[in-house]
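Residue-level structural notes
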Amino acid sequence: MGAIDQEPTRKTPNTLAGAQARARARAEERGATRPTAIYPGLQDNPQASGFRSPATSGSRLPANSGVRPPASSGSRLPAPLSAPPDGDHAPVILPGRAIVPITTSVIPRRAGRPAINRTLRFAAALICIAAVVTTALLYNTMRTSTPKGENLASTVPGPSGRGPLTAQVGIIVAAPVPQAVHSSQAVVAQTAVLSTGGSVTAYGLASLQPCQSSVMFVPNIGQWTVPPGCYANIYVPNPANYVSRPGFGYCNWWVRVTHPKTPNITEGYYPRGTTPVAGAAIFFDPYEQGAGSIGHWAEAVAISSDGYWVLISEMNFAWRGAGWAKIDYRYIHVSPHVHFVYGV
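Residues numbered from 1 in each chain as written. Predicted model: local features only at pLDDT ≥ 70, side-chain atom pairs only at ≥ 80, totals over all residues. Heavy atoms only, no water.

A closer look at the pairing of strand β11 (residues 309-315)
Among the 7 residues of β11, 7 are classified as buried, and the element is accordingly described as predominantly covered. With 4 bridges joining them, strand β10 (residues 296-303) and β11 adopt antiparallel strand pairing. For E299, the partnering residue across the bridge sits in β11 and is S313. Pairing analysis gives 7 bridges linking β11 to strand β13 (residues 327-333), with the strands arranged antiparallel. Paired with I312 across the strands is R330, a residue of β13. (Buried < 20%, exposed > 50% of the residue type's maximum accessible area, 1.4 Å probe, protein only. Helix = DSSP H or I, 4+ residues; strand = E, 2+ residues; numbered from the N terminus. Pairing = 2+ DSSP bridges.)

Structure, rendered in structure tokens:
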């Protein structure tokens, strides 16, 4: 009886081993006769396509892989698919192993910036620029607005002429009271001989000049040479010391007060020429020797011995600290664009 019981026990392992061998043979036979669904490029390197295969036939597959692992080593493998199902994540079964698809994440395409955002940014930039400009204009208007009773000198136009900025600055002093106030008795006619043999005369009131020095010229004269002595000063006149004329501060006011007999000397028609004579009114064409865009008026004080250089006095000429309502002296030379007014 004991021998009978031992016989089946000794044969049981061999029987199980044979069953497993036969199961493996049937699986291999089935895989050899049925087509295997393989995507292109997976046979050589199935892991390069993004799929994983279990290391051993007994490893557990993920729950969401869609493929059931065999219950035991002797269980039957599911039949391979003859064709992949619809979709990009269909499982692929190779002989003796299962490949689990791994879902790949699709990176969304970066959307371009909407055109409306660019429009809004452009509109915001324009609004900011407009706000800055408006603020600057308002600030400038508030600063330049002149309250009632305040000095209005800052609201008048700029000087009618301008000299070089490199010249030395003159000393600004108050103009002395003229020797002859509101009088034409001190007017002395000064005459110049023309090249044709004739002569011209001017009647400027030389006694009204702030500087009365006899030294008027220097040895070497250039366009912007500073005159000597008191002629190098800048004078601030008091209009009450002169004959009443409109336009105080402008260049033509000084010419009018130095010619008290002819208040319209800068407006009427009088003989003109290019021959210099002391006491004559002078008109500069626009941009001539520092004149502005509308020309410039001055008064001839003295003529050099060669008849080329002229010492003049003028008002409202920006040079060496002069300008609005100030009188300065400088040298000018004879030119076709420098006109001397005769006979007055």
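Here's the deal with the state of the cysteines
Evaluated as defined, the whole model comprises 1 disulfide. Disulfide partner of C211: C230, at an S-S distance of 1.6 Å. Measuring the twist about the S-S bond at about 55 degrees, one finds the C211-C230 disulfide to be right-handed. Residue C211 is located in the loop between β6 (199-202) and β7 (234-236), and its partner C230 is located in the loop between β6 and β7; the two are separated by 19 residues in the primary sequence. (Disulfide = S-S within 2.5 Å.)

What about the environment of V200?
Tracing the backbone through its elements, the reader meets V200 in strand β6. Judged by its relative accessible area of 10%, V200 is buried. Considered as a pair, V200 and V277 are 77 residues apart in the sequence and their alpha carbons are 7.6 Å apart. Here V200 is in contact with Q190, T191, A192, L194, V277 and Y342, once residues within four sequence places are set aside. (Contact = heavy atoms within 4.5 Å.)

Structural notes on the pattern of salt bridges
Counted according to the given criterion, the structure contains 2 salt bridges. A salt bridge links E267 to R256, with the nearest nitrogen and oxygen atoms 2.9 Å apart. Here R256 lies in helix α3 (residues 251-257) and E267 lies in the loop between α3 and β8 (272-273), a separation of 11 residues in the sequence. (Salt bridge = Lys/Arg side-chain N within 4 Å of Asp/Glu carboxyl O.)

Here's the deal with the pairing of strand β14 (residues 338-341)
Both faces of β14 are covered, namely the face carrying V338 and F340 and the face carrying H339 and V341. Direction of pairing for β8 relative to β14: antiparallel, over a ladder of 2 bridges. When the sheet's bridge partners are listed, R272 is paired in β14 with V341. Pairing analysis gives 4 bridges linking strand β9 (residues 281-284) to β14, with the strands arranged antiparallel. Along β14, the bridge assignment pairs F283 with H339.

Topic: the nonpolar core
One finds Y235, Y242, W253, W254, V257, L311 and Y329 to be the most contacted residues of the largest nonpolar core, which totals 20 residues. At the level of secondary structure, the elements contributing two or more residues to this core comprise α3, β10, β11 and β13. With near-sequence residues (within four places) excluded, V257 lies in contact with L208, Y242, V243 and R245. Core analysis: the second largest hydrophobic core is formed by 16 residues, F284, V310, I312 and F340 among them. (Core = buried A, V, L, I, M, F, W, Y, C linked by side-chain atoms within 4.5 Å.)

Overview of the packing of aromatic side chains
Taken as a whole, this structure holds 12 aromatic pairs when the rule is applied. Considering the side-chain rings of Y242 and W253, the 5.7 Å spacing of their centres and the 75 degrees angle between planes classify their relative orientation as edge-to-face. Pair noted here: Y242 is in the loop between β7 and α3 and W253 is in helix α3, with a separation of 11 residues, a long-range link. The exposure classification of Y242 matches that of W253, with both residues buried. Clustering of aromatic rings is evident, with ring pairs tying together Y242, F248, W253 and W254. Of note, R320 hangs over the ring of W319, and the distance from its end group to the ring centre comes to 4.6 Å. One residue, R330, lies across the ring of F317, its end atom 3.9 Å from the ring centre. (Phe/Tyr/Trp six-rings, centres within 6.5 Å; stacked < 30°, edge-to-face > 60°. Lys NZ or Arg CZ within 6 Å of the ring centre and 35° of its normal.)

Things to note about the confidence of the model for the protein chain
Atomic detail in the predicted coordinates should be set aside for any region of low pLDDT. Per-residue confidence for the protein chain averages 74 on the pLDDT scale, and 61% of its residues sit at or above 70. Throughout residues 36-44 the model reports pLDDT below 50, and contacts reaching past four residues in sequence, or to other chains, amount to 20 contacts. (pLDDT = per-residue confidence, 0-100.)

Re the side chain of T258
Tracing the backbone through its elements, the reader meets T258 in the loop between α3 and β8. With relative accessibility at 0%, the residue T258 sits in the buried group. At 3.0 Å, the side chain of T258 and the backbone oxygen of V255 are in polar contact. In contact with T258, not counting residues within four places along its chain, are Y203, G204, L205, L208 and E299. (Polar contact = N/O pair within 3.5 Å; in protein donor to acceptor, adjacent residues only side chain to side chain.)

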